[in-house]
Amino acid sequence: MAQNRKQLDPILRWSVDYAEEKFHQLYPTKRQRDAVCRILAEAVSIADGVAPASWNVTLDVQRQRVCLNVGQGAVLQLIPDGLYMITTSSQLDDGLFELFPENNRYRYVADTFEGFLAIEDLKHYRRLRNAHHDLIERSAKHRSSAGWPHAHSPGVIDYLISQGFELKQPEYLTEAEPEVVETADSPLIDRDYSEITSTEGRQRIRQHLARERDSRLAKLKKKQVIQLTGRLACEVCGFDFRAVYGELGEGFAEAHHEVPLAASDKERKTSLDDLRIVCSNCHRMLHRKGELLSIDRLKQVLYQVQGGGAA
C-alpha cells in the first residue's frame, strides 16, 4: 500500500461491524466467506507465530480488497473475484502452476510465484497451502517488523475472532483502542457530534457456525457453587448479582470455560471443574482482544489497577 494513500478513518479501522459489512460485500455467500476467512486466519497465524510484529491486515476500501502484508509486501489479497497470493515456487509441482493463470515475481523473497486464484477454484487452495505458508514464514523472517503498522485494521482481526478463529492483534498494537486526537489532519476535526446519525434496526438473517454448548453444565455449576459457598460470586472481582440487584439478580452469573472450546477442532468432554463462575464484565475481559487470560492473571491485573502494585 502506498504511504501517501488516504488512510481509513481510525474509528472504522477498529470497527468489527464495519469489517463484517465489507466481508459481506466482498463475498455475498456464506460458503465463500467461510473459505476466505479460514485462509486469511491461517495466514495471519503463521506470520504471527514467526514474528508477532511482522504483519498487518489492511481494509482497502478504495480498491475493494483486504490485504495481509507480511514484512515488506502483500502476501495475500482478498478481492471479490478471488485471491491474489504469493507462494514459493519450490513448493509447487508442475501440476499446480496451471492454477495460476497469471504470475509475477515477489521481489522481497527469492524463489517466489505470485498468481490469482479465482473464487470458483478455492477448492484447490489446499494444494497450494504449504507453498503459501512457506512464503509467509520466509517473509516474516526476512523482516520481523511490519512495513505499514499505521494501516492495520484491528476490526478485521476482531471479526475473524468473532467467527471462531483463535487470533491475536499484532504485537505493536497498543492494548487500548486509540484515542482520536484532533489535529489539522484529523477526519474528526470540527465535526458536530449532535448532527451524527446512523440508520439502525434493519432486519436481516445472519448465519454463523458456532460451538455447541450444553446449558445444563452451566446450571449445574451454579448449583454446585451455591451449595458450597452459599452465593454466586465472581471468581475474579467478587461481584454478586444477588447482593447488588436483589431478587432480579438471583441465580445470575456466567460460566467461563478455562480452555476455550475453539482451542480444538474436535468435540471434547467438559466437566464442572472446567467451568469457572464470573461476572459479565470479567468474562468479557478474559476474552478481550482474542487473547484468553487466565482467572489468576485477570486477578493480578485488577489488583494492579486498584493500587496493589505491579502485576
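The coordinates are above.
Let us look at the structure shown here. In this text, all values refer to a predicted model and were calculated from it rather than measured experimentally.

About the criteria used
Residues numbered from 1 in each chain as written. Predicted model: local features only at pLDDT ≥ 70, side-chain atom pairs only at ≥ 80, totals over all residues. Heavy atoms only, no water. Helix = DSSP H or I, 4+ residues; strand = E, 2+ residues; numbered from the N terminus. Buried < 20%, exposed > 50% of the residue type's maximum accessible area, 1.4 Å probe, protein only. Areas by Shrake-Rupley, 256 points an atom, 1.4 Å probe, with all protein chains shown as cover. Axes fitted to C-alpha atoms, helices over the stretch in contact; angles between N-to-C directions. Parallel < 35°, antiparallel > 145°, perpendicular 65-115°, else oblique. Left-handed = near helix turned anticlockwise from the far one by under 90°. Contact = heavy atoms within 4.5 Å. Nonpolar A, V, L, I, M, F, W, Y, C, P; charged D, E, K, R; others polar. Phe/Tyr/Trp six-rings, centres within 6.5 Å; stacked < 30°, edge-to-face > 60°. Polar contact = N/O pair within 3.5 Å; in protein donor to acceptor, adjacent residues only side chain to side chain. Patch = residues over 30% accessible without salt bridge, like charges linked within 9 Å, V, L, I, M, F, W, Y side chains within 5 Å. Salt bridge = Lys/Arg side-chain N within 4 Å of Asp/Glu carboxyl O. 1 Å grid on protein atoms, 1.4 Å probe; cavity = no way out; pocket = protein on both sides within 12 Å on 5 of 7 lines; lining within 4 Å. Points joined across faces, edges and corners; volume = space filled by probe spheres on them.

Details of the overall build of the protein chain
Point 1. What the protein chain contains, in helices and strands, is 10 helices and 8 strands.
Point 2. For the protein chain, the proportion of its 311 residues judged to be buried stands at 40%.
Point 3. As displayed, the protein chain offers around 18,700 Å² of accessible surface, 47% of which is attributable to carbon and sulfur atoms.

Focus on the packing of helix α3 (residues 30-50) against helix α5 (residues 125-142)
Point 1. Between α3 and α5, the shortest axis-to-axis distance is 9 Å and the interhelical angle comes to 30°. What the angle tells us is that α3 and α5 run roughly parallel. Regarding α3 and α5, the two cross each other, and that crossing is right-handed. Residues Ile39, Glu42, Ala43, Ile46, Ala47 and Val50 of α3 touch α5, and the partners they reach there are Tyr125, Arg129, His132, His133, Ile136, Glu137, Ala140 and Lys141.
Point 2. Taken together, the residues of the contact of α3 with α5 sort by class into 8 nonpolar, 2 polar and 4 charged.

Describing the packing of aromatic side chains
Point 1. Throughout the structure, instances matching the rule amount to 6 aromatic pairs.
Point 2. An angle of 40° between the planes, with centres 5.0 Å apart, marks the rings of phenylalanine 23 and tyrosine 159 as tilted. Of this pair, phenylalanine 23 sits in helix α2 (residues 16-26) while tyrosine 159 sits in helix α6 (residues 154-162), and the two are 136 residues apart along the sequence.
Point 3. What makes phenylalanine 23 buried here is its relative accessible area of 0%.
Point 4. Note on phenylalanine 241 and phenylalanine 252: the rings are 4.7 Å apart at their centroids and 80° apart in plane angle, and the pair reads as edge-to-face.

Observations regarding α2
Point 1. All of the buried residues along α2 are Tyr18, Ala19, Glu20, Lys22, Phe23 and Leu26.
Point 2. Regarding α2, its N-cap is serine 15, as a side-chain oxygen of that residue lies 3.5 Å from the backbone nitrogen of aspartate 17 further along.

Observations concerning a nonpolar patch on the surface
Point 1. On the surface, a nonpolar cluster with roughly 360 Å² of combined accessible area is contributed by Val244, Tyr245 and Leu248.
Point 2. Tracing the chain through its elements places leucine 248 in the loop between α8 (241-245) and β7 (254-257).
Point 3. Taking relative accessible area as the criterion, leucine 248 reaches 75% and is therefore assigned exposed.

Observations regarding empty space enclosed by the protein
Point 1. Under the criterion given, the structure shown has 1 cavity of 30 Å³ or more.
Point 2. Counted as a void, the largest cavity has a volume near 40 Å³.
Point 3. For the lining of the largest cavity, the elements supplying multiple residues, two or more each, are α2 and β1 (55-60).
Point 4. Of the residues that constitute the lining of the largest cavity, the class distribution is 3 nonpolar, 1 polar and 3 charged.

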